[in-house]
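# Chain and residue survey
Each chain is listed here by its residues.
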Amino acid sequence: MHSVVKLADAKRSPKWTDSQTESGSDRRFSQHASDLVLRQVAKAYRIDGKRLPVLEDINLTVEPGQFVTIVGASGCGKSTLLRLISGLERDFDGEILVSGRNVTGPSLNRGLIFQDHRLFPWLNVEDNVALAFESRRIDPADKRRIIQEHLKLVGLTGFEKAFPYQLSGGMAQRAAIARALVNEPEILLLDEPLGAVDALTRLYLQNELQRIWTQKGVTMIMVTHDIDEALFLGDRVVVLQSRPGRVRRIIDVDLPHPRDREDRQIARLKKEILADLAGEH
Amino acid sequence: MASRFSILSKFHAVARQLAQQRGLLVILALLLAWEAAVRLSDNPALVPFSRVFAAAADAYREGDLVNNYLASLARVAVGFAAGAAAGLVLGALLGVFRIVDLVLGPLLTALRQIPIFGLVPLLGLWFGIGEQAKIVLIALAAFYPVLLNTHEGFRGVPRNYREVATILMFSRPQLLRRVLVPCALPSILTGLKHGLSFAWIAVVAAELFMAAAPGLGNILQAGREQFRIDTVLLGIVLIGGTGALMNYGVTLLEQRALRWRPAFV
Ligand SMILES: Nc1ncnc2c1ncn2[C@@H]1O[C@H](COP(=O)(O)OP(=O)(O)OP(=O)(O)O)[C@@H](O)[C@H]1O
Ligand SMILES: [Mg+2]
């Protein structure tokens with residue numbers, strides 16, 4: 001087995017705020033994306049006293065501004081991986097480095113969009129997005145302007161006062177994207193953000209995500225179970241195998257964006273990935 | 001033509017309003033039926049409902065109706081405020097800090113098993129026959145429903161929402177203000193609603209079973225002593241009506257505070 005680097009910091013029990021580690025830098029709200037390095041990352045959960053290895057031997061380097069997509073069978077640890085990178089889960093082995101610094105907790109520099117939108121039902125769209133500013137000092141006028149800009153970016157102008165129950169699934173997901181974007185994170189982690197929307201909206205939102213990615217120059221790491229989506233958006237596609245989750249293969253997709261969904265090379269890669277994933281059963 | 005149309009639409013509007021108030025119509029119909037039934041029979045134990053108004057007029061003229069009523073209202077206000085405040089604070093502590101729940105939970109559960117009216121003799125011994133014992137009883141009545149529902153509300157905040165707060169780097173006060181309190185609010189309001197109606201029940205009980213003092217209980221008591229069924233009914237109607245109004249008031253408050261819930265639109 002590989003050597004596992006233990007991180008004293010990562011073993012600490014969760015605390016409420018822990019921004020000092022790498023978010024204190026000036027780059028925190030800059031437009032320039034950070035690079036991300038995962039070295040020998042491993043994670044195990046305990047279920048009923050028994051150790052359940054979820055991720056093992058994950059090595060990955062993501063260049064600033066890259067779009068990385070992650071595919072893999074259900075339960076292989078995709079969400080767990082994003083939770084580790086986000087800093088939400090601090091108990092793991094190995095190293096996760098953002099711009100060379102260890103991740104020891106959440107940071108506004110890394111945005112996470114959950115699998116479910118997680119808007120607060122008691123706040124309207126505008127106030128939900130404003131939550132992202134809660135822990136920052138910001139001029140109210142700037143705040144309003146930035147929120148407006150981002151609602152426009154995700155196509156929700158006119159829905160500022162709508163409560164989450166008044167939104168469609170896709171709209172709620174877009175509001176969640178806006179909430180994650182307003183702090184200009186250098187790294188945006190997306191956990192199947194389009195999982196709950198219909199096929200047509202999905203295509204539309206894929207284009208939107210790509211537009212936002214181009215416009216913001218942010219590093220995006222997106223989990224999806226849709227291989228077409230992974231290949232349409234990703235500069236690199238990470239294929240995970242399950243039990244425990246390991247990197248089976250990383251595919252570089254050397255095609256310019258925006259891509260043609262019918263591209264021959266994409267079709268070929270899709271076949272390969274499907275064969276990879278099918279090999280598991 | 002136009003005027004006929006507008007009359008018609010006005011008629012519709014009135015009809016619609018009446019339809020919306022059908023709950024009130026049922027009550028009105030029952031009162032009418034009561035009136036009719038009593039007038040048709042000749043049982044002296046029954047009095048027509050209209051006699052209640054007469055009793056109210058008498059009591060008002062004698063000057064104690066308003067005093068008694070206000071005394072009860074003041075009592076419930078003080079007792080409810082104290083009990084609800086204690087229930088809110090303790091319920092929040094229990095729901096937010098697991099250690100508080102572990103330490104105090106079993107004790108509170110045990111105490112809750114004692115019907116509060118069983119405490120009347122004890123309260124009398126401890127707090128004397130004055131106002132204090134009554135207020136304590138009312139406060140206790142309001143305390144438990146508020147405590148339980150507040151506790152439930154805070155404990156039930158989904159982990160999902162806390163994680164959003166963690167990701168967005170909320171401080172503890174921000175977590176409380178932005179996530180825990182609003183998420184627990186529906187349950188808290190339910191607690192307050194029940195607490196208020198329990199407190200109102202306790203007011204009447206306190207006034208009937210504890211030392212005599214001005215209050216609606218007094219009206220009931222006086223009616224019984226003087227064999228005035230209409231006076232007793234007056235007391236009952238005032239108690240019931242006030243309780244219903246309080247409930248209605250809290251429901252309005254709830255509707256305003258919980259606009260974000262689809263069920264309330
Ligand atoms: N808090 C937890 N405690 C114990 N086990 C957990 C916990 N969270 C996740 N797991 C386990 O970790 C494994 C990976 O879960 P994860 O949510 O990362 O999967 P996933 O790849 O995102 O799956 P899906 O595609 O269905 O969303 C699962 O086997 C799950 O049982
Ligand atoms: Mg998942």
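Residues numbered from 1 in each chain as written. Chains lettered and ligands numbered in written order. Predicted model: local features only at pLDDT ≥ 70, side-chain atom pairs only at ≥ 80, totals over all residues. Heavy atoms only, no water.

Residue and element names in this part refer to chain B. Here chain B averages 85 in pLDDT, and 95% of its residues register 70 or above. Highest mean pLDDT in chain B belongs to helix 8 (residues 159-167) (94); lowest belongs to helix 1 (residues 2-20) (69). Scored as a complex, the prediction yields pTM 0.79 and ipTM 0.80. (pLDDT = per-residue confidence, 0-100. Helix = DSSP H or I, 4+ residues; strand = E, 2+ residues; numbered from the N terminus.)

This part covers the pattern of salt bridges. Tallied over the full model, the rule gives 29 salt bridges over all chains. Where Arg-118 of chain A meets Glu-163 of chain B, a salt bridge forms, and the shortest distance between an N and an O atom there is 2.8 Å. Of this pair, Arg-118 of chain A sits in the loop between strand 6 (110-113) and helix 2 (125-130) while Glu-163 of chain B sits in helix 8, placing the two residues on different chains. For the pair formed by Arg-118 of chain A and Glu-163 of chain B, the shared burial category is buried. Taken together, the shared-partner salt bridges connect Arg-83, Glu-89, Asp-116 and Arg-118 of chain A together with Arg-159 and Glu-163 of chain B into one network. (Salt bridge = Lys/Arg side-chain N within 4 Å of Asp/Glu carboxyl O. Buried < 20%, exposed > 50% of the residue type's maximum accessible area, 1.4 Å probe, protein only.)

It is worth spelling out the domain arrangement of chain B at this point. Considered domain by domain, chain B is made up of domain 1 (2-39) and domain 2 (50-264). Relative placement of domain 1 of chain B and domain 2 of chain B: their C-alpha centres are 34 Å apart. (Domains from an automatic or database assignment.)

Residue and element names in this part refer to chain A. Near ligand 1, the surroundings consist of 13 residues, among which Ser-74, Gly-75, Lys-78, Ser-79 and Thr-80 are the closest. Measuring from an oxygen atom of ligand 1, one finds a backbone N or O atom of Cys-76 at 3.3 Å. Lys-78 has a polar side-chain atom sitting 2.7 Å from an oxygen atom of ligand 1. Taking 640 Å² as the accessible area of ligand 1 by itself, protein coverage stands at 68%. Counting only elements with at least two residues in the shell around ligand 1, the list comes to strand 1 (36-47) and helix 1 (78-86). The biggest single contributor to the shell around ligand 1 is helix 1, with 3 residues. (Near = heavy atom within 4 Å. Polar contact = N/O pair within 3.5 Å; in protein donor to acceptor, adjacent residues only side chain to side chain. Areas by Shrake-Rupley, 256 points an atom, 1.4 Å probe, with all protein chains shown as cover.)

In this section: the interface of chain B and chain A. If you look at the interface, chain B gives 24 residues, while chain A gives 25 residues. Between chain B and chain A, roughly 2500 Å² of surface is buried when both sides are summed, and carbon and sulfur atoms account for 69% of that area. Considering only the surface of chain B that becomes buried against chain A, Ile-167, Met-169 and Trp-260 of chain B emerge as the three largest contributors, covering 30% of it. Here chain B is connected to chain A by 3 salt bridges. Of the charged contacts in the structure, one is a salt bridge between Arg-83 of chain A and Glu-163 of chain B, with a shortest N-O distance of 2.7 Å. Our enumeration of links across chain B and chain A arrives at 8 residue pairs in polar contact (both at pLDDT 80 or more). Secondary-structure elements contributing two or more residues to the side of chain B that touches chain A are helix 8 and helix 9 (172-209) of chain B. The element best represented in the side of chain B that touches chain A is helix 9 of chain B, accounting for 8 residues. The residue makeup of the side of chain B that touches chain A, split by class, is 13 nonpolar, 4 polar and 7 charged. (Contact = heavy atoms within 4.5 Å. Buried area = accessible area lost by both parts, 1.4 Å probe. Nonpolar A, V, L, I, M, F, W, Y, C, P; charged D, E, K, R; others polar.)

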